[in-house]
Amino acid sequence: KAGVTQTPRYLIKTRGQQVTLSCSPISGHRSVSWYQQTPGQGLQFLFEYFSETQRNKGNFPGRFSGRQFSNSRSEMNVSTLELGDSALYLCASSPGQGGQPQHFGDGTRLSIL
Amino acid sequence: AQSVAQPEDQVNVAEGNPLTVKCTYSVSGNPYLFWYVQYPNRGLQFLLKYITGDNLVKGSYGFEAEFNKSQTSFHLKKPSALVSDSALYFCAVRGRTGTASKLTFGTGTRLQVTL
C-alpha cells in the first residue's frame, strides 16, 4: 500500500507570497491532518479534515487554510507568507476513528526568504 | 486543554543497554496514546499505541510502552538498544471526544545510542 505523499518536498518563497501544499493520503483513509514542525515550537497541529469537512482546528492565524477533496486528497494554503512560516509541514492520514494511528508523509520543507 | 510532557531533551544510552524515554500526559477522560519516531529529513513513523486493555503495549522494532493511569504516564522502553535506534521520539495523546480528539505531541526526546 502506498504511503502518504506530500508535494513538493522543498519550496522556497519570499515574504508576502502565498503557497499551496498538497497531500495524498493512504488509500481508504478519510482523515487528513496537517502539522507545522519548527525547532522552536516543535510539532503544532494546524487542522484536521474528515470527509471534506474540517473537524478540528489549531491556533493558527487565518492565513493558514486547508481543504479536502472528495477523493480525500488535501491541500493547505498559506497566504501573505512571513519569515516565521519557514518550517516542515507534515501531513498525516488515518481511517478517521480516534484509536487509529496517523500515518505521516515526509513533509514539505518551506523556506521563506 | 490536553498536553504531553517529555521531560528529557536527550537520552544517552550504550548499545545493548535498556532504554527508557519518559512521557506524561494530561487529557480529559480516557486517552489514546501513541509513540512516533522521526529520522532526519523524514516524517514521523508510528511505533505503538495504547487504546485500552493491557497496560504493557508492544510495538515495532522491539519497542514497548507501559501505560500507568494513576501517574498519567506512558514511558517508551526497549530491553536492548541499537545504534540504529538513534532518532527523535515523540509521545502523543488524543482525547476521545470533541476538540480533544486532535492529536497533541510532546516536544520530542532525542535518543543517542553509542557503541
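Residues numbered from 1 in each chain as written. Chains lettered and ligands numbered in written order. Predicted model: local features only at pLDDT ≥ 70, side-chain atom pairs only at ≥ 80, totals over all residues. Heavy atoms only, no water.

**Observations regarding the overall build of chain B**
Phase 1: Counting secondary structure elements, chain B contains 0 helices and 12 strands.
Phase 2: For chain B, the N- to C-terminal ordering of α and β elements is β-β-β-β-β-β-β-β-β-β-β-β.
Phase 3: By the compact-globule yardstick of 13 Å for 115 residues, chain B fits well, its C-alpha radius of gyration being 14 Å.
Phase 4: With the principal axes as the frame, chain B shows a C-alpha extent of 45 × 30 × 20 Å.
Phase 5: A total of 115 residues make up chain B; the buried ones form 47% of that total. (Helix = DSSP H or I, 4+ residues; strand = E, 2+ residues; numbered from the N terminus. Rg over C-alpha atoms; globule rule 2.2 N^0.38 Å. Buried < 20%, exposed > 50% of the residue type's maximum accessible area, 1.4 Å probe, protein only.)

**So, the nonpolar core**
Phase 1: Counting 27 residues, the largest nonpolar core has Trp-35, Leu-47, Leu-48, Phe-74, Leu-76 and Tyr-89 of chain B as the members making the most contacts within it.
Phase 2: For this core, the secondary-structure elements that each account for two or more residues are strand 2 (10–14), strand 3 (19–21), strand 5 (32–38), strand 6 (44–50), strand 8 (64–68), strand 9 (73–78), strand 10 (87–94) and strand 12 (109–114) of chain B.
Phase 3: If you look at the next biggest cluster of nonpolar residues, it comprises 21 residues, including Cys-23, Val-32, Phe-47 and Ile-112 of chain A. (Core = buried A, V, L, I, M, F, W, Y, C linked by side-chain atoms within 4.5 Å.)

**Observations concerning unusual backbone geometry**
All names here are of chain A.
Phase 1: Residue Thr-7 is joined to Pro-8 through a cis peptide bond whose omega torsion reads -10 degrees.
Phase 2: The topology assignment puts Pro-8 in the loop between strand 1 (5–7) and strand 2 (10–13).
Phase 3: Although it is not a glycine, Ser-51 sits at a positive phi angle of roughly 50 degrees.
Phase 4: Of note, Ser-51 is situated in the loop between strand 5 (42–50) and strand 6 (53–57).
Phase 5: On the accessibility criterion, Ser-51 (31% relative accessible area) is partly exposed.
Phase 6: Look at Ser-72: it is not a glycine, yet its phi comes out positive at around 80 degrees.
Phase 7: Given the relative accessible area of 12%, Ser-72 is considered buried.

Nothing here speaks to function; it is all geometry.
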